[in-house]
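Report on the structure
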Amino acid sequence: MLKSGEIKELFVQFENAAAEIEGVDCWSARELQKLLGYSKWENFSKVIDKAK
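Residues numbered from 1 in each chain as written. Predicted model: local features only at pLDDT ≥ 70, side-chain atom pairs only at ≥ 80, totals over all residues. Heavy atoms only, no water.

A complete count under the given rule lists one salt bridge for this structure. The partner of Asp49 in a salt bridge is Lys52, with the nearest N and O atoms 3.8 Å apart. Asp49 sits in the partly exposed class, given a relative accessible area of 46%. Owing to a relative accessible area of 77%, Lys52 belongs among the exposed residues under this scheme. (Salt bridge = Lys/Arg side-chain N within 4 Å of Asp/Glu carboxyl O. Buried < 20%, exposed > 50% of the residue type's maximum accessible area, 1.4 Å probe, protein only.)

Turning next to the packing of aromatic side chains. For the structure shown, the criterion picks out two aromatic pairs. Where Tyr38 meets Phe44, the ring centres are 5.1 Å apart and the plane angle is 45 degrees; that geometry is what we call tilted. When the centroid spacing of 6.0 Å and the interplanar angle of 65 degrees are considered together, the rings of Trp41 and Phe44 count as edge-to-face. Note that Trp41 and Phe44 are positioned in helix H3 (residues 41-51) at a spacing of three residues, about one turn of the helix. (Phe/Tyr/Trp six-rings, centres within 6.5 Å; stacked < 30°, edge-to-face > 60°. Helix = DSSP H or I, 4+ residues; strand = E, 2+ residues; numbered from the N terminus.)

Dropping the structure here:
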């Protein structure tokens, strides 16, 4: 289980990785891959496909 400080740090990292396009927050999948701990794009791509 994540501790409060770890959650706050992850939140900050996600906020810093966001880009605003026409007033909408967006994230690059490649940036999210790193933040979520996936070392290989292929593994993260599978997760994205499953979520779709």
